[in-house]
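Structural overview
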Amino acid sequence: MKDTLRSLIGSALSKISTEKAWPTDLDLGAFVLEEPNKPQFGHLATNAAMVLAKKVGFKPRDLAELIIQTIGPGHELIESMEVAGPGFINFRFSNKFWVKTLEKILKSGLDYGRDLTPKGRVLVEYVSANPTGPLHVGHGRGAALGDALARILSFVGHEVGCEYYVNDAGRQMRILGNSVLVRLNQLKGQEVEIPTDFYRGDYIGHIAGELAPSLGDDFENLSNKEKVEILTDRAIGIILTGIKKDLSDFRVRHDTWFSEKSLYENHLVEKSFDFLEKHGHTYHKDGALWFKSTAFGDDKDRVLVKSDGEMTYFASDIAYHKEKFDRGYDLLIDIWGADHHGYIPRVKAAVSALGRKPDHLGVVLVQMVNLLRDGQAVNMSTRSGQFVTLEEVVSEVGADAARFIFLTRSHESTLDFDLELAKSQSRDNPVFYVQYVCARVNSLLAKAQEAKADPEAAKAPIDLSLLAANEEVEIIKTLSTFSETLTAAAKRLEPHLLTVYLSSLAKLFHQYYGAFRLVDEDHWALTRARLELAKAVKQVTVIGLDLLGVTAPEKM
RNA sequence: GCGCUCGUAGCUCAAUGGAUAGAGCAACAGCCUUCUAAGCUGUGGGCUGCAGGUUCAAGUCCUGCCGGGCGCGCCA
């Protein structure tokens with residue numbers, strides 16, 4: 001829709017520019033085309049005249065008029081052009097244009113909106129929760145976001161990898177092993193206090209119980225340190241298995257599970273230190289190794305190796321990002337909880353120090369989820385070890401509802417997630433409203449099958465030009481902007497744009513359904529055209545839902 | 001204190017710098033002998049926190065206040 005018009009306006013402008021001898025350094029392409037928010041302003045509007053008028057000594061409206069005259073009448077795809085407001089040019093497309101648009105959409109089928117022009121390789125890293133306990137709702141939001149984003153990026157032409165970074169090294173892991181050991185000793189009847197900084201959730205006890213029978217007789221003879229090492233490994237294994245199952249039930253996929261420990265085992269951390277040192281980005285002070293992140297805009301330098309010889313989390317994170325780039329990715333997307341925002345400058349600094357541009361790393365911060373039930377807050381507390389797990393939420397409301405609702409809001413605003421609303425089957429629940437489009441179209445098609453068609457009429461080619469009602473043009477127009485929505489969602493890393501789009505398409509369709517009788521035996525030619533439109537709506541809805549990882553039911 | 005971020009209808013939120021700021025919920029009034037009422041139609045509701053600035057044009061960009069959230073460790 002926009003391409004046609006852009007080239008038309010562009011050539012008109014260059015013609016005028018030559019005639020009026022405008023300065024050659026003028027940017028004639030610096031105008032935008034946009035959909036006006038009011039139907040009386042036509043289908044598409046441009047601000048071209050307003051952008052240029054002052055620079056070339058015109059009144060905006062006069063320039064707009066000149067552009068219209070230069071384009072001239074007689075384009076079969078354009079019905080009308082007019083100057084409006086402060087100098088907008090409003091375009092109205094012809095019936096023929098909309099017919100062609102709809103034909104193109106239908107012809108593309110489930111590939112409609114797909115962009116095959118190759119773009120860069122992207123690695124999306126998401127969830128990456130420490131393997132110290134089950135996933136909770138907050139992780140679910142990150143999971144839904146990362147997974148949908150990956151699907152969208154792939155659909156618009158990127159080569160996408162999905163990765164989970166497993167923090168299986170460091171202090172947290174030792175605490176995990178120790179926490180299990182304490183429970184194990186309790187199981188044997190020993191009176192042991194659980195230290196306050198240990199993990200206290202019930203699942204630790206379950207892990208201890210699960211492991212106890214398989215540890216063997218020799219276990220008792222091992223040193224405490226050896227016991228903790230074994231238990232740590234085993235516990236990580238059990239917890240990761242649980243995490244993988246929760247994600248798989250949530251239909252969230254990762255191609256690779258990258259172990260932090262492997263960075264140390266393969267000496268990648270030292271190698272990244274060497275790289276930084278060689279380029280003069282590190283120094284020693286107070287017995288510690290520092291990264292000069294202030295040289296890249298961070299507000300203080302950061303420690304890589306503590307004076308006690310232990311590595312910081314940041315140290316392995318630098319190695320990890322270097323490793324990801326070394327694997328050949330052009331763009332890294334990290335999805336983090338919003339409480340990590342203070343961490344961004346130092347990682348961006350590291351990316352710069354590694355010789356990349358800061359925008360080769362895109363960080364998406366996901367805000368909190370407030371879990372509600374009938375409008376009342378559900379108590380979530382990690383301290384007591386009692387929190388609402390992703391598994392509980394998914395088994396209660398289903399993966400479809402959970403995924404869709406997680407993606408209804410911009411990731412940068414906190415989300416209220418009402419369990420009862422997510423289960424409700426009504427207009428209030430956006431998932432059902434959108435899914436219902438698919439079911440409703442199917443039922444229309446079934447209805448049309450039953451209806452007795454005039455055999456002569458059924459043989460004739462379908463005449464889409466009968467779709468001339470405002471509601472019908474509005475729907476085709478919305479369908480035609482699908483790929484723009486996807487491009488924006490991919491570029492801005494905001495899958496919720498797609499969710500919003502699907503909701504508004506659903507609204508248009510349900511309104512259309514209410515306003516017209518779509519299957520009408522007395523007007524069969526019109527019915528056939530309308531069913532094509534309905535099919536196109538369903539088709540786009542199916543594609544969109546799939547990109548969000550939500551199923552499109554045939555029947556509801 | 002410093003930094004990041006958000007502030008839009010009673011509530012939850014939309015709005016690539018564009019024209020009269022939009023939806024849903026809640027409230028009120030309607031629509032089922034006819035395609036799924038899991039739906040549709042209509043009515044009310046706003047100094048977009050405040051004040052400046054940039055721009056032909058600001059909810060959007062810049063500056064300063066006010067208010068909420070978060071972060072400021074040789075933690076992860």
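Here, every reference points to the structure presented above.
Source: prediction; values computed, not measured. (Residues numbered from 1 in each chain as written. Chains lettered and ligands numbered in written order. Predicted model: local features only at pLDDT ≥ 70, side-chain atom pairs only at ≥ 80, totals over all residues. Heavy atoms only, no water.)

Tracing the sequence through the fold places Arg-403 in helix H14 (residues 399–406). The buried category is assigned to Arg-403, whose relative accessible area is 0%. Those residues in contact with Arg-403 that sit more than four places away from it in its chain are Ala-144, Asp-147, Ala-148, Arg-151, Phe-250, Arg-251, Val-252, Leu-548, Gly-549 and Val-550. (Helix = DSSP H or I, 4+ residues; strand = E, 2+ residues; numbered from the N terminus. Buried < 20%, exposed > 50% of the residue type's maximum accessible area, 1.4 Å probe, protein only. Contact = heavy atoms within 4.5 Å.)

We now examine the pairing of strand E5 (residues 121–125). By the criterion of burial, E5 is predominantly enclosed, with four of the five residues buried. Both E5 and strand E6 (residues 159–166) contribute to a ladder of five bridges, which runs parallel. Among the inter-strand pairings, Val-122 is bridged to a residue of E6, identified as Val-160. As paired elements, E5 and strand E11 (residues 331–337) share four bridges and run parallel to each other. Its bridge partner being in E11, Leu-123 is matched across the sheet by Leu-332. (Pairing = 2+ DSSP bridges.)

So, on to the sheet that holds strand E4 (residues 88–93). Across the sheet, four strands lie side by side as E1-E2-E4-E3; this open sheet has antiparallel pairing. Looking along the sheet, the strands with just one partner apiece sit at the ends: strand E1 (33–34) and strand E3 (78–84). Sheet analysis places strand E2 (residues 44–46) next to E4, joined by three bridges and oriented antiparallel. Bridge pairing in E4 places Ala-45 opposite Asn-90.

Looking now at the pattern of salt bridges. The full count for this structure, using the stated rule, is 28 salt bridges. In this structure, Glu-396 engages Lys-423 in a salt bridge whose closest nitrogen and oxygen atoms are separated by 3.0 Å. With Glu-396 in helix H13 (residues 390–397) and Lys-423 in helix H15 (residues 419–423), the pair connects residues that are 27 residues apart, well separated along the chain. Assessed through its relative accessible area of 34%, Lys-423 is described here as partly exposed. When the shortest N-O distance is used, the salt bridge between Arg-492 and Glu-494 registers 3.1 Å. Of the residues examined, Glu-494 reaches a relative accessible area of 11% and is grouped as buried. Salt bridges here are not isolated pairs; linked through shared partners, they connect Glu-125, Lys-324 and Asp-334. (Salt bridge = Lys/Arg side-chain N within 4 Å of Asp/Glu carboxyl O.)

The buried count for strand E12 (residues 361–366) comes to five of six residues, which makes it a mostly enclosed element. Relative to E12, E11 is paired through six bridges, and the arrangement is parallel. The partner of Trp-336 across the bridge, within E12, is Leu-365. Chirality of the crossover, the property in question, places the unit of E11, helix H12 (residues 344–353) and E12 among those that are right-handed. (Right-handed = clockwise from strand over helix to strand, strands pointing away.)

Treat this as a map of the structure, not an account of what it does.
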